[in-house]
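The residues making up each chain are set out below.
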Amino acid sequence: MSSHHRTPFPRRLPLPAWRLLVLLLLACAGLAAAPLAAAQDWVYRVRPGDTLWQLRDLYLKPGVDWQRLGRHNGVADPYALPPGQPLRFPIAWLRVQPAPARVIALRGAATVLGIGNATAPVQEGMLLPIGTTLQTAAEASVTVQFADGSQMQIRENSRVRFDQLARYGATGMVDTRVRLEQGRASNEVAPAQGPASRYIIQTPAGTSSVRGTRFRAAAGGDGQLAATEVLHGVVQVANPHGRQLLQPGEAARMAADGS
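We now turn to the structure provided with this report. (Residues numbered from 1 in each chain as written. Predicted model: local features only at pLDDT ≥ 70, side-chain atom pairs only at ≥ 80, totals over all residues. Heavy atoms only, no water.)

1. So, the overall build of the chain
To be explicit about the condition: Only runs of H or I of at least four residues qualify as helices and only runs of E of at least two qualify as strands under DSSP, and these elements are numbered from the N terminus. Burial status follows relative accessibility: with a 1.4 Å probe on protein chains alone, a residue under 20% of its type maximum counts as buried, one over 50% as exposed, and anything between as partly exposed. Working rule for contacts: check all heavy atoms of both residues, and any pair within 4.5 Å makes them a contact. With residues, only the protein chains shown are counted as cover, and all accessible areas are computed by Shrake-Rupley using a 1.4 Å probe.
The number of helices and strands found in the chain is two helices and 21 strands. Expressed as a percentage of the 259 residues in the chain, the buried residues total 46%. Taking the contacts inside the chain whose residues are at least 6 apart along the sequence as the reference set, 61% of them involve residues at least 24 apart. By element, 53% of the accessible surface of the chain is carried by carbon and sulfur atoms, the whole surface being about 12000 Å².

Encoded structure:
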């Protein structure tokens, strides 16, 4: 589509049943929404044998003691936890750990640019930490898997940077933020395990945020519009002009310059 057809707000497009458009949009330095709400709690259901000491060691940052967790939940005795009782863990107290992506499938040639600008050929089983960039060649594709089981297939002639790859201890919640700088990618995102879970893809045109769905994305560039196509679930798309939710069978397009 030529540049004079660009629209400032993500434009929703119904798709014919026989052919779902492709791809996604992304960018604005961090989804003007998807705040990690420090005031939110992750809720855990007590299991037989649990104590506040054990739960503190499993889920909380160093420096947050079990007494503080007990006060937050009105529990004075660390052993007095009836099975099934809900316990609230403030997200700001949760342990956050690096969670590198893993290459689980490779077709053709691809390279990874690491910290310090060192390059290496991509190999199956390779771990991709925060800050690395993956580039695929023509007729190549790479599938990576994140800590929660979500997967991204990076298509030919594409470049992806892994901006944030973290997990919240043993809660199952993850913080995955990926920048699609060039090309196309297909995504299968596991359902969110709690309020802090997020999966965000950024392009030069806007941001897409999901909590369990299948969708495709294209970065735009060279006069093309960035696009997001939803196959299953719901995707929120946003740019500096606004945001909207896309349902299955819908797509959105916007200019790579955000105009």
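2. Overview of helix H1 (residues 52-59)
Put simply, the rule is: The arc under discussion is defined with respect to the helix axis, by the directions toward the C-beta atoms.
Every buried residue belonging to H1 is among Leu-52, Leu-55, Arg-56 and Tyr-59, and all of these are buried. Seen end-on, H1 carries its buried residues on one side only, within an arc spanning 105°. Considering only its buried residues, H1 is in contact with strand S2 (41-45), helix H2 (66-73) and strand S3 (86-90).

3. Here we look at the side chain of Asp-175
Test applied: Any N or O atom pair separated by 3.5 Å or less is treated as a polar contact, with the protein-specific requirement of one donor-capable and one acceptor-capable atom, and with residues adjacent in sequence counted only for side-chain atom pairs.
Within the secondary structure layout, Asp-175 lies in strand S13 (residues 174-182). With a relative accessible area of 3%, Asp-175 lands in the buried category. Only 2.8 Å separates the side chain of Asp-175 from the side chain of Arg-177, close enough to count as a polar contact. Reaching out from Asp-175, the side chain makes a polar contact with the side chain of Arg-198 at a distance of 2.9 Å.

4. Let's talk about the packing of aromatic side chains
Counted only if it meets this: Only the six-membered ring of Trp is used, alongside the rings of Phe and Tyr, when aromatic pairs are assigned; centres must lie within 6.5 Å, and planes under 30 degrees apart are stacked while those over 60 apart are edge-to-face, with the rest tilted.
The final tally for this structure, using the stated rule, is 11 aromatic pairs. Aromatic side chains Tyr-199 and Phe-215 sit 6.5 Å apart centroid to centroid with 85° between the ring planes, which places their arrangement in the edge-to-face category. With Tyr-199 in strand S15 (residues 198-202) and Phe-215 in strand S17 (residues 213-218), this residue pair connects regions lying 16 residues apart in the sequence. We note that Tyr-199, like Phe-215, is buried.

5. Some points on the pattern of salt bridges
Condition: By convention in these notes, a salt bridge is any Lys or Arg side-chain nitrogen within 4 Å of a carboxyl oxygen on Asp or Glu.
Summed over all chains, the structure comprises 10 salt bridges. Between Glu-181 and Arg-159 there is a salt bridge, and its shortest N-O distance comes to 2.8 Å. Separated by 22 residues along the polypeptide, Glu-181 in strand S13 and Arg-159 in strand S12 (residues 159-167) bring together distant segments of the chain. Residue classification places Glu-181 among the partly exposed residues on the basis of a relative accessible area of 26%. Residue Arg-159 is classed as partly exposed on the basis of its relative accessible area, which comes to 27%. Linking Arg-179 and Glu-181 is a salt bridge whose minimum nitrogen-to-oxygen distance equals 3.7 Å.

6. So, the pairing of strand S18 (residues 225-232)
Under the convention used in this document: Two strands are said to pair when DSSP picks up at least two bridges between them.
Burial of S18 is extensive: seven of the eight residues sit out of reach of the surface. Relative to strand S21 (residues 250-255), S18 runs antiparallel, the two being bridged by five bridges. Following the sheet pairing, Ala-227 is matched in S21 by Arg-253.

7. Here we look at the pairing of S2
Side-chain direction in a regular strand flips from residue to residue, so the side chains alternate between the two faces of the sheet. Here S2 shows one buried face, formed by Trp-42 and Tyr-44, and one open face, formed by Asp-41, Val-43 and Arg-45. Pairing of S2 with S3 involves five bridges; the strand directions are antiparallel. By the bridge assignment for S3, Asp-41 is matched with Pro-90.

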